[in-house]
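Coordinate inspection notes
Read off the chains here:
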Amino acid sequence: MPKIGEKELKEQIKTEDFSPVYLIYGEESYLKEYYVGKLKNKLVDEAFADFNFHQYEGKDASISDILQNADMIPMMGAYSLVLVHDYPLDKSQKDIDELKAYFKDMSPTCVIIFWYDSIEVDTKKSAKWRSVETAFAKAGSAVNLEKRTESELAKLIVNSAKKRGCTLTPDLARYIISVVGSDIQTIFSELEKFCSFVGEGEITKQVVDDLAIKSLQARVYDLSKFILRGDSDSAYTVLGTLFSQKEEPIAILAVISSCYIDMYRVKCAKAAGANESELSQYFSYKGREFLIRNAARDCRNISIDNLRRAIDIIADTDEMLKSTSIDKNILLEETVAKLLMLRHA
């Protein structure tokens, strides 16, 4: 079987046409946990879970021990399930070889899932992970659960709200993503709050603004927006709030940097005669396409030269934050002042 995505995995679960082994990895933590749960519910009868379900965390056991359980005959059920979470296969070629050898003669009554959450399965940079992915794809299914696009997330929000008995527009769904971020679990948590507040009514922008817990990115975006407007009072008010909430200056600066880099990319794309929407083909904006739209709007009155100078200021501050003992909050305040002054240069 090949490398597959969410659509194919969903179809396997629906038809109960299971692969003997699964490698489940990717950027979207919620989807990975969700589909592992779906597979478990389909494969394991809870009444016999003590006999037919075996779970391992990290490297609590050897590959040999894990595969020994895979050879056990299920009790009162068609399958047993071996679930292995965040096992560092890339650290041992011996483990990979042992797993490949098992794949040549697998038990027909056991499904094995290797699920990766805190460990990154980087098949582009790591030859070992590519080898693991290829082995799972050949013997069963290698499932890459990537982040959904902004349009897919907006559709999910609208449909989820409908199931909860409330309504909202696709445009507001996209606004919610820009406010709370693209993490599905966070979106669902915020949506539950909005729906509880409006009951069977309509979720409005005012409801979102009043109730949503803004992501760090959204809060720092407000800061960048005020800097670009030259509104120093509002910029320092937001910065003071971030300090009071104990946000790390390095993390704040990283988001400010990303805002300016987004604008620089848009400016360069336009200078090259390209459409800013094409940036998604070259950079990681999946599920965050609103960043490109915001950048295109915010950089209209800023020259490429000023954006380059701003990025240099941010880079210098980043180096100082990581290499000096100067108060980090003061360094960040000075950087905001320099960016404000640069706007008028």
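As shown above, the structure is provided for reference.
Residues numbered from 1 in each chain as written. Predicted model: local features only at pLDDT ≥ 70, side-chain atom pairs only at ≥ 80, totals over all residues. Heavy atoms only, no water.

1. Some remarks on helix H6 (residues 127–139)
The terminal C-alpha atoms of H6 lie 18 Å apart, and with 13 residues this matches the ideal 18 Å at 1.5 Å per residue to within 8%. Of all the positions in H6, only Trp129, Ser131, Val132, Glu133, Ala135, Phe136, Ala137 and Ala139 are classed as buried. (Helix = DSSP H or I, 4+ residues; strand = E, 2+ residues; numbered from the N terminus. Expected span 1.5 Å × (residues − 1). Buried < 20%, exposed > 50% of the residue type's maximum accessible area, 1.4 Å probe, protein only.)

2. Here we look at the sheet that holds strand S2 (residues 21–25)
A sheet is described by the order of its strands in space; here six strands give the open sequence S1-S6-S2-S5-S4-S3, paired in parallel fashion. Across the chains shown, the open sheet's two edge strands, defined by having one partner strand only, are strand S1 (3–4) and strand S3 (53–57). In terms of strand pairing, S2 meets strand S5 (residues 110–115) through four bridges, oriented parallel. Across the sheet, the residue bridging to Tyr22 is Ile113, located in S5. (Pairing = 2+ DSSP bridges.)

3. Quick word on the side chain of Glu133
Note on placement: Glu133 falls in helix H6. Among the polar contacts made by the side chain of Glu133, one reaches the side chain of Tyr25 at a distance of 2.3 Å. With residues near it in sequence (within four places) discarded, Glu133 still touches Lys3, Leu23, Tyr25, Thr123 and Ala142. (Polar contact = N/O pair within 3.5 Å; in protein donor to acceptor, adjacent residues only side chain to side chain. Contact = heavy atoms within 4.5 Å.)

4. Notes on the environment of Asp50
On the secondary structure map, Asp50 appears in helix H3 (residues 49–52). For the pair Asp50 and Met75, spaced 25 residues apart in sequence, the C-alpha separation works out to 9.7 Å.

5. Regarding the side chain of Asp262
Its place among the elements puts Asp262 in helix H13 (residues 249–271). If near-sequence neighbours (up to four positions away) are discounted, Asp262 is found in contact with Tyr285, Leu291 and Ala295.

6. Regarding unusual backbone geometry
Phi is positive for Glu16, close to 60 degrees, though the residue is something other than glycine. Take Glu16: it is sitting in the loop between helix H1 (6–15) and S2. Here Lys246, not a glycine, exhibits a phi torsion of approximately 65 degrees, which is positive. Mapped onto the elements, Lys246 comes out in the loop between helix H12 (232–244) and H13.

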